[in-house]
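Examination of the molecular architecture
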2 protein chains.
Amino acid sequence: MQEKLRNIEIFSSLNNDSLNLLARHCRLVNHRKGTVLIHADKVEPYFYILESGIARAYSDGENQQITFWFGQAGDVLLSYNSYINNKPGYENLELLEDSSLFRIKLLDLFKLYDQHLALANWGRKIAERELIATERRLIDRSFKDATQRYREFVNQQPELIKRVALKHIASYLGVTQVTLSRIRASDK
Amino acid sequence: MQEKLRNIEIFSSLNNDSLNLLARHCRLVNHRKGTVLIHADKVEPYFYILESGIARAYSDGENQQITFWFGQAGDVLLSYNSYINNKPGYENLELLEDSSLFRIKLLDLFKLYDQHLALANWGRKIAERELIATERRLIDRSFKDATQRYREFVNQQPELIKRVALKHIASYLGVTQVTLSRIRASDK
DNA sequence: TGCTACATTTTACAAATGTTAAAAAATGAA
DNA sequence: TTCATTTTTTAACATTTGTAAAATGTAGCA
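Attention in this report is confined to the structure presented alongside it. (Residues numbered from 1 in each chain as written. Chains lettered and ligands numbered in written order. Predicted model: local features only at pLDDT ≥ 70, side-chain atom pairs only at ≥ 80, totals over all residues. Heavy atoms only, no water.)

1. Description of the protein's contact with DNA strand D
Short version of the rule: Distances are taken per atom, and a residue is near a molecule or strand as soon as one of its heavy atoms is within 4 Å of it. We define a polar contact as two N or O atoms separated by no more than 3.5 Å, with the added condition that, inside protein, one atom must be a possible hydrogen donor and the other a possible acceptor, whereas residues neighbouring each other in sequence contribute only through side-chain atom pairs. Segments assigned H or I by DSSP are reported as helices when at least four residues long, segments assigned E as strands when at least two residues long, and all are numbered from the N terminus. Amino acids outside the nonpolar list (Ala, Val, Leu, Ile, Met, Phe, Trp, Tyr, Cys, Pro) and the charged list (Asp, Glu, Lys, Arg) are all regarded as polar, and Gly is one of them.
Surrounding DNA strand D, one finds 15 residues, the nearest of these being Thr-179 and Arg-182 of chain A together with Leu-166, Lys-167 and Ser-181 of chain B. Across the atoms of DNA strand D situated within 4 Å of the protein, the share located in sugar and phosphate is 63%. Side-chain polar atom of Gln-177 of chain B to a phosphate oxygen of DNA strand D: 3.3 Å apart, as the coordinates give it. The contact in question runs from a phosphate oxygen of DNA strand D to an N or O atom on the side chain of Ser-181 of chain B, over 2.6 Å. For the surface near DNA strand D, the elements supplying multiple residues, two or more each, are α9 (177-186) of chain A together with α8 (166-173) and α9 (177-186) of chain B. With six residues, the single largest contributor to the surface near DNA strand D is α9 of chain B. Class assignment for the residues of the surface near DNA strand D results in seven nonpolar, four polar and four charged.

Put into structure tokens, the structure is as follows:
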């Protein structure tokens, strides 16, 4: 198992001992496109690391769903809200393609955090990294208009543009699908 | 020092030993309103915990500044980008009132993270908590219009409304000051 | 092939927000 | 207080984005 994990960027800061500890609790599972791995209205017992495939995190509103995160191979799929507050939250996690994932029990992760310094710091860095990315997106909503945000998304996430439905990308960028269509039309 | 720290909510999960370790590196400093404690174009050597006063984090654009975070007594003032990537970033931190703050050298914090399990987990939880708050704000930008965002801000942050200039609150909410004025006018 | 469901684009119109400039109000210092 | 500065509001107009509905495109399947 640890050979497979070793290839994933997010584990590169871990030495072999720490990685083995994680790997011991790790199981490789497959799920089909459309599977909702994490439900907003439940406290889910697992977190995942994408081995292959694409996922999105979304939040349900009255009339719409907002996609606020995309995950690709190597990314951690984790409902931070349910995991920190031990309560159902606002995050759903859905697979947008048939995927294979490493699955780990959250209880095991917590135990590792409480026993193993390197893993606690690894978990800290994952959250910090995600925080910076989210903060930047929030700032970009103010600094950049929808057209700029779309163009940068195209440049920075060429894989996602190819493989993800535009309706999801529209809500990720903070506009309606109609607006996204207009942007794309004027970009030709 | 640790008696003072003990009163701060963010330290409540730490036992006395851990808190003492932190307190040993902690110095209480005072700064005047308007002081920029952390500059986006520098790698700053300290992080702070607000003892009293109010602060904002902002990012500079060509024609405007975006305020993306407010801090009040008990909050951690930290440039995550500079601290994670060890590079200048996008975050400025300015005091909006005369303030007193606990100041700690980031190098000391890093050492503590690498040596002390409880503190590493403490740092992890701070980042995770901040991540959830930021994620929610990003989602709210899509789900709620400016009027709703303003009203919720008023309800949830009554202190900030009283003490912070509206121009900063406008940019925090993701609208121009003119729009915020209109919302306030129609709310009477 | 033709049917079905779903995704995307287009259109026309409405609503929200931005821009610019100026006036009014509030703040702070001498 | 008075003056100068800054903040906030108001106004008029431009632009962007949203909404709803129809048209078109696409993929899978019987």
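2. Observations concerning the relation of the copies chain B and chain A
Copy one and copy two of the chain differ by a rotation about an axis and a translation along that axis. Where we set the bar: Fitting of the copies onto one another was done by least squares over C-alpha atoms, counting residues only where both copies have pLDDT of at least 70. Contacts: residue pairs with any heavy atoms within 4.5 Å of one another.
With an RMSD of 0.0 Å, the fit of chain B onto chain A corresponds to turning through 180° and sliding 0.0 Å along the axis. Both chain copies can therefore be described as sitting about a two-fold axis. Considering only C-alpha atoms, the residue of chain B closest to the rotation axis is Arg-124 of chain B, which sits at 2.0 Å. Taken as a fraction of all interface residues of chain B, those also at the interface in chain A reach 100%, which identifies the copy contact as same-surface.

3. Considering the protein's contact with DNA strand C
In the vicinity of DNA strand C lie 17 residues, with Leu-166, Lys-167 and Ser-181 of chain A together with Thr-179 and Arg-182 of chain B positioned nearest. Sugar plus phosphate, as a fraction of atoms of DNA strand C within 4 Å of the protein: 63%. For DNA strand C, a phosphate oxygen lies 3.4 Å from a polar atom in the backbone of Ala-146 of chain B. One of the side-chain N or O atoms of Arg-182 of chain B is found 2.7 Å from a base nitrogen in DNA strand C. Elements supplying a minimum of two residues to the surface near DNA strand C: α8 (166-173) and α9 of chain A together with α9 of chain B. For the surface near DNA strand C, the element with the most residues is α9 of chain A, which contributes six residues. Across the surface near DNA strand C, the residue classes break down as seven nonpolar, five polar and five charged.

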